[in-house]
Structures are given as structure tokens and as C-alpha cells.
Amino acid sequence: MIGDKILSLAKELWPLNRSITGEGVRNSLNIIKRILPDLLIHQVPTGTEVLDWVVPKEWKVTEAWIKCPDGRKICDFSKNNLHLVGYSTPVHLKLEKSELLKHLHSLPNMPDAIPYITSYYKENWGFCISENDKKSLVDGIYEVVIKSDLFDGVLNYGELLLKGENKQEIFLSTYICHPSMANDVLSGICVTTYLAEWLINKKNRKFSYRIVFIPETIGSIVYLSKNLEYMKKNIKAGFNITCVGDDRNYSFLPSRNGNTISDNVARHVLKYIKNDYVSFNWSDRGSDERQYCAPHIDLPIASIMRSKYGYYEEYHTSHDNFNLVTANGLEGGFEVNRLAIEAIENNCIPLVKVVGEPQMGKRNLFPEINNLVNKDLISSKGRRQYDNIKDESFYYHLMMNVLSYSDGLHSLLEIAETCNVPIWNLYSIIKILEDNNLIELKDNF
């Protein structure tokens, strides 16, 4: 089961201390490279100007903890890397409880959870602690140790290019910068890795695929600064893949445009996977789509998720773990994005080649259709997700509807919407009609 493989990779990546720079990112990329050997790992030096930003210093941590007046260690980074505020500067201090509290972060509404806090672009230090543990602190002197280093280093990201029949590209992006959280980071990394593996093994790819593993925000800005004009010219569709690991529901965030092929395919697929999915607006954005769809960039990038970042209780806390993220949830996240990619691959503009309604009987397509339709051509995935091909008479009626709308003006996705069936239930019909010289297919790009 693909969900089990994805979950296994997520658990292997779990303990690494990922941030926007550093060994955690490099080690994660090297683990992914075992599955995707052609993944290129790039580095961009500290201080590089990228659009309106500058690549920050690299961050490294070897040790961090707080020692209580009774000698107990708490907020130990070695036991949970969420305890340390991301990009904390080095300190070694002894201070009163009242001073320490100014540097402690907790969640009163989730008293047993450790929050995830960062301070990337302003030098600071701090620890994250559960509200219950913070309340248990006694008066006295606390020793604080953070052995970290901020230095001129590099920002790393991974990139994989899979060439297809033409140069038009589908772009898949996921972020790789958060520490131990399962839905918000690991699910996106791991689902994207196995989508890439599936694409590598996919025969006759129509489009090329550009797949990137980047630090959130600064990574997409770096990537755009290096590739913007090429991307604007060649990217046909794409998805920012994140939060695809729980098994509660599905959700959708559109591009800023809201009416790209990525948006329309995502809505179509979700309608037949889970028609009560949660639909968000562009104003609800919060990940790298902010960069990919910004003014003057406007790439066709949307997001198909399970529980969206910022909209589930465990978000950015230690509760975002493998109690929340499951093999079934990950498999659902994989499948919905795979179906969307396949829909873009198979979308075309069919044009009927005969004048008037074709005579189907002389082509052995009517009336004994049950003897002539190859059941194996009907996508088993499609039947499982939406079983609307009930019998051969329905199939024949659907075939004739496809022919009727094949005027060279409507895409296969539009025809599927008009016929009220998932696009994957039309793949076999298009093949039969093309094999019988009844239609020709034009590219929809």
C-alpha cells in the first residue's frame, strides 16, 4: 500500500531538525535522493539578493536546555526539537523565573502541547514549553544554555526535472523547512517524493515535470529569482503540496487567478472524491502559493490538501504527529494529487472526424457493446472513486455524448463536467473513439 511507504519515509525524516537552512535540510534531501537519485541539491550563499529578500545566515544547533533550581533539565532540544525557538541565538545565562518567562512560549488553550515558534529574520532566543509545564515552574534561578551558531553558509533546495514529450511543464512544490510536525511539512515532503517516483515510472509523459523541495517562503523566492522568466513561459499548471496526511477531509486553495487549469482540475477531482470538501479563498493563503501567484508572477499554482494549515487544532504544535497523520490519510493525499496530475495529462480537445452522427454499428460499437468494450480500459481507480459506469447502455450513451461535444471547442475536462462524470471515466472512451478513427485529439495548451 502506497500509504505505508509514505508513512515509513515520514517517520524516518521525523527526528531531523529542519529549518530554512542547515544540516536538517541537507540530510532530509539526501534521504529523499535515495528514492529519487536524479534529485539535484542546490546551494545559495548567505547574503545573496533574491527579489526583495536576502538569503539569511545558516543556523546550527548542538545543544539547548533549561536547568531548574532543583537541577532538573526541561525544554531539552535533544528530546524534542520543537522546544527551541527556530534560529535562536547562542546564550548561557542564569536568571530569575520572571526574566525566563519573557522567553517562554506556550499555548493556554492547548495546555499539554508544545508550540512551534521561529524568529528567522530578527535575532532573538527562546524556548517552547507546554502551558502545564510552564505553570509548574517554581521561583528561583534558572540556567539557560543554547549552543547555536549563526554564520555565513548556504541555503539548500532540491530540484528534479522529468522531461516529457514537450517542454510545457507541470510544477510541483513542497516545503522542507519545519522540524517534527507530521501534517505540516512531512506529509507534503513524502507525498511529493512518491508522486515523483510514480511520474518517473509513468510511460509517455505528455508534459515535463519540475519538482522542487524548498524552504518555505525564502526557498520559493530564491527559486523564482533564478527561474522566473522560464517558469512564466513554460509552466502550464502546478500544485503546492502541503498538509496531505490526515484522514479528516479534503480542502482546496485556489491560485490568485482562481480559474487556471490547476484550479479547475482540482475542483473537478475533489467533487468526485469528496464532494463536501472545504473550499478556501485566495485571502486564506499562507504557504508558497503567496510567491508563485504574486503580482508580476501569476503562475497557475493551486493546492489540494487534507486539513489545511492554520485550520486544524494541532497545527504548529507537538500534537501534529502520527496520531493525526496516518497511512490512509497519506494515501488519500497521494491519490487526489495523482488524479489531478493525470487529468491535466489526459485533458485534450477532441474533434469528431465525420459529418453528422457516426454509424456506430458498422464499427462494432453498437448494439453489442458488451462484447466489444474492453472493461480493462475503464479505470479501476475511477470506478472505485465514482462508480457511474453502471452498464454498457450507459457507457454507450456516454460515448455518444462525448462525440456530440467533440466539436474542437471543448476540452475533455469541460465535456466531463457537462456529462456530470469524472474525467477519468472518459479516458477509455476517448481511446476507443480515437482507435476507431472517429475523433482526433488536439493539445489543450
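Residues numbered from 1 in each chain as written. Predicted model: local features only at pLDDT ≥ 70, side-chain atom pairs only at ≥ 80, totals over all residues. Heavy atoms only, no water.

## Here's the deal with the overall build of the chain
Helix and strand counts for the chain stand at 14 helices and 18 strands. Considering only C-alpha atoms, the chain reaches an extent of 90 × 40 × 35 Å along its principal axes. Relative to its full complement of 445 residues, the chain shows a buried share of 59%. Across the chain, every contact between residues at least 6 apart in sequence was considered, and the portion connecting residues at least 24 apart equals 82%. Put simply, the chain shows about 19000 Å² of open surface, and 46% of that area lies on carbon and sulfur atoms. Within the chain, the 55 negative side-chain charges are centred at a point lying 2 Å from the centre of the 50 positive side-chain charges. (Helix = DSSP H or I, 4+ residues; strand = E, 2+ residues; numbered from the N terminus. Buried < 20%, exposed > 50% of the residue type's maximum accessible area, 1.4 Å probe, protein only. Contact = heavy atoms within 4.5 Å. Areas by Shrake-Rupley, 256 points an atom, 1.4 Å probe, with all protein chains shown as cover. Lys, Arg positive; Asp, Glu negative; His and termini not counted. Charge placed at Lys NZ, Arg CZ, Asp CG, Glu CD.)

## Overview of the packing of aromatic side chains
This structure, assessed with the given rule, holds eleven aromatic pairs. Summarising the aromatic geometry, the rings of Tyr120 and Tyr121 are spaced 6.1 Å apart at their centres and angled 75° between planes, so their arrangement reads as edge-to-face. The class of Tyr121 is partly exposed, set by a relative accessible area of 44%. Cluster of aromatic residues (ring-pair linked, three or more members): Trp53, Trp59, Tyr87, Tyr120 and Tyr121. (Phe/Tyr/Trp six-rings, centres within 6.5 Å; stacked < 30°, edge-to-face > 60°.)

## Remarks on helix 12 (residues 392-405)
Look at helix 12: 20 Å from first C-alpha to last across 14 residues, which is about the 20 Å you get at 1.5 Å a residue. Looking at helix 12, one finds that the buried residues are Tyr395, Tyr396, Leu398, Met399, Met400, Val402 and Leu403. (Expected span 1.5 Å × (residues − 1).)

## Considering the environment of Gly329
Tracing the backbone through its elements, the reader meets Gly329 in helix 9 (residues 327-346). Placed 81 residues apart in sequence, Gly329 and Arg248 show a C-alpha to C-alpha distance of 7.8 Å. Beyond its immediate sequence surroundings of up to four residues, Gly329 is in contact with Val244, Gly245, Asp246, Asp247 and Arg306.

## Digging into the side chain of Ser187
Note on placement: Ser187 falls in helix 5 (residues 182-201). Classification of Ser187 as buried rests on a relative accessible area of 1%. The contacts of Ser187, once residues within four sequence positions are left out, are Ala182, Thr242, Cys243, Val244, Gly245 and Leu330.

## Some details on the sheet that holds strand 10 (residues 154-162)
The strand order across the open sheet formed by eight strands is 1-10-12-11-13-16-14-15, and the pairing between neighbours is mixed. Where the open sheet ends on each side, the last strands, each with one partner, are strand 1 (40-45) and strand 15 (278-279). When strand 10 meets strand 12 (residues 208-214), the two strands line up antiparallel, connected through five bridges. Looking across to strand 12, one finds that Gly158 is bridged to Phe213. The strands touched by helix 6 (residues 218-234) are strand 1, strand 10, strand 11 (169-175), strand 12 and strand 13 (235-240); relative to strand 10, the strand with the most contacts, the crossing angle is about 30°. (Pairing = 2+ DSSP bridges. Axes fitted to C-alpha atoms, helices over the stretch in contact; angles between N-to-C directions.)

## Description of the sheet that holds strand 6 (residues 91-96)
Spatially, four strands are ordered 5-4-9-6 in an open sheet, and the strand pairing comes out antiparallel. Two strands lie at the open edges of the sheet, namely strand 5 (73-74) and strand 6, each paired on one side alone. For strand 6 and strand 9 (residues 141-151), the ladder comprises six bridges, and the chain directions are antiparallel. Bridge assignment links Leu93 to a residue of strand 9, and that residue is Val144.

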